[in-house]
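Notes for the structure review
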Amino acid sequence: MMQKDSANLVKEMIHEAIIDKLDADLSSSVSLVDLGCSVGPNTFLAVQNMIEALQTKTSASLEFEVFFNDHAANDFNKLFASLPQRKYHAAAVPGSFHGRLFSRGRITLAYSCFTLHYLSKFKRDLRAFLSARGEEIVKGGLMFLIIPGLAEGLTHSQSSYAVIFRLLESSVLELANEGVIGKGEVDGFNLAFYFPRKGEVREVIEEDGCFSVERAEMINPRSNIRARVIVGHLRAGMEGSFTEHFGESVMEKVFGRALDKADEVSDLLEASLRDSPQLFYVLKRK
Ligand SMILES: C[S@@+](CC[C@H](N)C(=O)[O-])C[C@H]1O[C@@H](n2cnc3c(N)ncnc32)[C@H](O)[C@@H]1O
């Protein structure tokens, strides 16, 4: 999965940040959260990585409490059925991360990967996210954010995301013309994604004022990834939103057609992917 690749890329940077930058009490128990964890398995790898770093940092015999957050509609049963053998206590925390999820100062480490682009109004939603985390994360605690972003100098319509969304749009429109999907359903469908530039994220973080930016990187995903593979990633990440609106029965058709079309635009898609970086941030609660 694309999400898994980015998680691997940042694995070392997260480990390093926990060793060098975390400045919170590590004497008894530590609480971690993955915000927008989905159903796994990426979340388990991210959690394991953070715990290993904590264990490297201190020789104290720590207890770990891990919270898995996502919307209430997330399949938490599926997530917990595949929870690996572990050295931590696990709990689900359903609800939108744009509001408060925890009591004040409860969280030492927060992690959120490929979730913050689900925004209706980018700045407003990111502000709400930061202000809730500002209350919940203990002073000296860290938050790691991985956000699919837009390279400087590109317009949204030049990004690989736009190329991909146009593929899906034309699949859906074709199916509507053939009467497989209702035309009204197409008009009522809105994907609220936004891919920010690095500067836009920093601006909101600085305005909010609760966190210092300890590290900010732009990571370019693999450029040799094939167009068909990209559509596969996309399906993994977006099928939920499509199913909710159009129903499960047409999903094979929607994504199957997008796959066929991917071959036609593969050069464009693969080239534009090189300009679609992932933004990685290490934030520290002041
Ligand atoms: C593309 S998936 C990424 C899953 C996982 N973090 C990973 O890296 O594989 C995005 C997840 O974010 C969740 N999400 C989006 N907006 C959210 C919100 N406001 N509150 C909680 N979860 C949210 C979605 O439900 C979805 O499970």
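Cut-off values and rules
Residues numbered from 1 in each chain as written. Predicted model: local features only at pLDDT ≥ 70, side-chain atom pairs only at ≥ 80, totals over all residues. Helix = DSSP H or I, 4+ residues; strand = E, 2+ residues; numbered from the N terminus. Buried ≥ 20, exposed ≤ 12 C-beta atoms within 10 Å, placed from the backbone. Contact = placed C-beta atoms within 7 Å. Core = buried A, V, L, I, M, F, W, Y, C linked by C-beta atoms within 7 Å. Domains from an automatic or database assignment. Expected span 1.5 Å × (residues − 1). Bend = angle between axes of the 7 residues up to and from the residue. Pairing = 2+ DSSP bridges. Axes fitted to C-alpha atoms, helices over the stretch in contact; angles between N-to-C directions.

**Some thoughts on the overall build of the protein chain**
The number of helices and strands found in the protein chain is 10 helices and seven strands. A principal-axis box enclosing the C-alpha atoms of the protein chain has dimensions of 65 × 40 × 35 Å. Burial analysis of the protein chain (286 residues in total) assigns 34% to the buried set. Put simply, 86% of the contacts in the protein chain that link residues at least 6 apart link residues at least 24 apart.

**A look at the nonpolar core**
The biggest cluster of nonpolar side chains holds 68 residues, and the ones touching the most others in it are M50 and L142. Here this core gets seven residues from one element, more than from any other, and that element is strand 5 (residues 137–148). Per-domain counts for this core show at least three residues from each of domain 1 (2–151 + 192–222 + 276–285) and domain 2 (156–191 + 226–271). With residues near it in sequence (within four places) discarded, M50 still touches I14, I18, L32, L109 and Y111.

**Some points on helix 8 (residues 227–246)**
The terminal C-alpha atoms of helix 8 lie 24 Å apart, and with 20 residues this falls more than 12% below the ideal 28 Å at 1.5 Å per residue. Along helix 8, the largest kink reaches about 60 degrees and is centred on M238. Restricting attention to buried positions, one finds in helix 8 the residues A227, I230, V231, L234 and F246. Those residues of helix 8 that are buried lie in contact with helix 5 (160–177), helix 6 (183–187), helix 9 (251–264) and helix 10 (266–273). With its phi angle positive at about 90 degrees, G247 sits one or two positions after the end of helix 8.

**Details of the pairing of strand 7 (residues 278–285)**
Taking burial as the measure, the eight residues of strand 7 include eight buried ones, the bulk of the element. Of the two faces of strand 7, the one lined by Q278, F280, V282 and K284 and the one lined by L279, Y281, L283 and R285 are each fully buried. Bridging between strand 5 and strand 7 involves seven bridges; their strand directions are antiparallel. Within the sheet, the bridge partner assigned to M143 lies in strand 7 and is L283. With eight bridges connecting them, strand 6 (residues 211–219) and strand 7 associate as antiparallel partners. Counterpart to E217 in the pairing with strand 7 is F280.

**Let's talk about the sheet that holds strand 4 (residues 107–113)**
Spatially, the seven strands line up as an open sheet ordered 3-2-1-4-5-7-6, and their pairing is mixed. Whereas interior strands pair on both sides, the edge strands pair on one side only; in this sheet they are strand 3 (89–94) and strand 6. Along the sheet, successive strands turn relative to each other by an average axial angle of 15 degrees, direction set aside. Examined bridge by bridge, strand 1 (residues 29–35) and strand 2 (residues 63–70) share seven bridges and lie parallel to one another. Looking across to strand 2, one finds that V33 is bridged to F67. Packing of helix 2 (residues 42–57) onto the sheet brings it into contact with strand 1, strand 2 and strand 4, and relative to strand 1 it is tilted by some 150 degrees. Relative to strand 6, helix 7 (residues 198–208) is tilted by about 175 degrees, and along the sheet it contacts strand 5, strand 6 and strand 7.

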